[in-house]
Structure formats: structure tokens, C-alpha cells
Amino acid sequence: SSSTCSRRVLFRSEQVELLFDEVMAGYMRLEDNYGKGLLLMHRAESDAQEGQPDRALATLNMALEIAERDALKDLCAFILRDMGEIYRERGSYLQAVRVLRQAELHLDELEHAHESVHVRQLIAESLAAMGEHGEAIALLEDVQTKLQAAGHHRELVKPLTLLSKLYGVTGATADKERVGQLLHWSAQRVIHEDTPPDARPNPRRYSALIGGKRRR
């Protein structure tokens, strides 16, 4: 339930707050900048979950400064992704696109293909919200192609749903129909994956029928 989820978020946030000073002191003694940046990122995520986006962004900027100073590109990428999500959620789409494109560059350089696809989808969502439908569609087509190739059927639903909506807005009926079929196929695959094998219907077998035809 939503109340249970809220309690879990609150519990995690309290844990971060309680342990933050102690853990940060340990990283300071070790001169572990990766640890410091990562801890700040977790604190920012906690702030964002508690509905404090400004505080979260300030903390993420501190984390980014540490990560950039030591050229910790993977950490930079995830910090920038978190910043982009906060900007997008508060409706600052231009800023979201700017930082998410920076995250995408780092992820592509590090060959983090799956996370790069996720960031590309966030960029597309921001562009769509800005009315940049053509650019958003191109990105979402790339996203759905990569997710389909990787067999991530559950993750396909969100980009395909947005693609269908955008093709509807732009009047591209054939593309909307194509995407609708892909969406239906993906949903069926998710249902199949979620259904226990012993609860699935038996597949039809045509071997006897085919054999009968051959005997004629």
C-alpha cells in the first residue's frame, strides 16, 4: 500500500540521516572521495523522496564537485541522472535535458549500455513535455529498439506508451498502429513471464495433424 511505501521511504531517510555523519567521518579519514560522493548522492536521494528537491539538488551539486575533481565518471553519470530526474519532476525540462545529456555522454564513454538507455528515455520524456515531439520520437524509437533487442519487455511498456501518444498527437496513424502492436506484444510477454509455468495453458501441438496430411 502507499502508506507502507511511505513508511519504508521514511525509514530509509531516517537511516541515512542517522548514519551520515559517522560514515562521512570514516570516508574523510580514508580520504575516499568516491565514498564521499556516493554518500552525498544517497543523502540527496533521501531528500528528494522526502519532498525536498532544493536540498537534494544542493547536495547533488556537492557530490558532483567531488566526483568531477577526481574524474570519477561513473559516479558523475549517476549524480547527473539523479539531478535530471529532479529537474524533470519539478518541470524544469530544459535543465533536465542539459544534465541528462552530460550523464549520457559519461555512460556511453563507459559503455554502460542499459543505464544509458534509461537516461535517453528520461531525455525523451523531457523533450516531449517541452513539445519537441520529433526529437523525442527519434530517441524513444532508439530506446524501444535497444530494450527489445535486450529482451527487457517490462521496461518496453513505458517508452512504447509515450511513443503511441506522440504518434497520435502528430497524426502518424501507421506508426501509432505499429507501436500499439509492439505494446500489446510486450504486455503479453510480461504476463507470460509473470505466470508460473504450471499455470500456463498447454501449447497447441500440430505434429499429429501435419503427419495426417502427409499420409494423404
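The coordinates are above.
How each quantity is defined
- Residues numbered from 1 in each chain as written.
- Predicted model: local features only at pLDDT ≥ 70, side-chain atom pairs only at ≥ 80, totals over all residues.
- Heavy atoms only, no water.
- Core = buried A, V, L, I, M, F, W, Y, C linked by side-chain atoms within 4.5 Å.
- Buried < 20%, exposed > 50% of the residue type's maximum accessible area, 1.4 Å probe, protein only.
- Helix = DSSP H or I, 4+ residues; strand = E, 2+ residues; numbered from the N terminus.
- Contact = heavy atoms within 4.5 Å.
- Salt bridge = Lys/Arg side-chain N within 4 Å of Asp/Glu carboxyl O.
- Patch = residues over 30% accessible without salt bridge, like charges linked within 9 Å, V, L, I, M, F, W, Y side chains within 5 Å.
- Areas by Shrake-Rupley, 256 points an atom, 1.4 Å probe, with all protein chains shown as cover.

**Quick notes on the nonpolar core**
Here's step 1: Within the largest apolar cluster, 49 residues are counted, with the highest numbers of intra-cluster contacts made by Leu60, Ile79, Met83, Ile123, Leu163 and Leu166.
Here's step 2: The element best represented in this core is helix H4 (residues 73-89), accounting for eight residues.
Here's step 3: Apart from residues no more than four positions distant in its own chain, Leu166 is found in contact with Ala128, His133, Ala136, Ile137 and Leu140.

**A closer look at unusual backbone geometry**
Note: most residues except glycine have negative phi, and most peptide bonds are trans.
Here's step 1: Positive phi, close to 55°, is recorded for Glu31, a residue that is not glycine.
Here's step 2: Counting through the fold element by element, Glu31 comes out in the loop between helix H1 (2-30) and helix H2 (33-49).
Here's step 3: The phi angle at Ala71 is positive, at roughly 55°, despite the residue not being glycine.
Here's step 4: Secondary-structure assignment places Ala71 in the loop between helix H3 (53-69) and H4.
Here's step 5: The class for Ala71 is exposed, based on a relative accessible area of 54%.

**So, the pattern of salt bridges**
Here's step 1: What the rule picks out here adds up to 18 salt bridges.
Here's step 2: Across the salt bridge formed by Glu125 and Lys158, the nearest N and O atoms sit 3.6 Å from each other. Of this pair, Glu125 sits in helix H6 (residues 113-129) while Lys158 sits in helix H8 (residues 153-170), and the two are 33 residues apart along the sequence.
Here's step 3: For Glu125, a relative accessible area of 14% puts it in the buried group.

**Here's the deal with the environment of Leu72**
Here's step 1: Tracing the sequence through the fold places Leu72 in the loop between H3 and H4.
Here's step 2: Separated by 38 residues in the primary sequence, Leu72 and Tyr34 place their C-alpha atoms 7.3 Å from one another.
Here's step 3: When neighbours within four sequence positions are excluded, Leu72 is seen to be in contact with Asn33, Tyr34 and Ala67.

**What to know about a nonpolar patch on the surface**
Here's step 1: On the surface, a nonpolar cluster with roughly 290 Å² of combined accessible area is contributed by Leu18, Leu19 and Val23.
Here's step 2: Its location among the elements puts Leu18 in helix H1.
Here's step 3: Note on Leu18: relative accessible area 72%, which makes it exposed.

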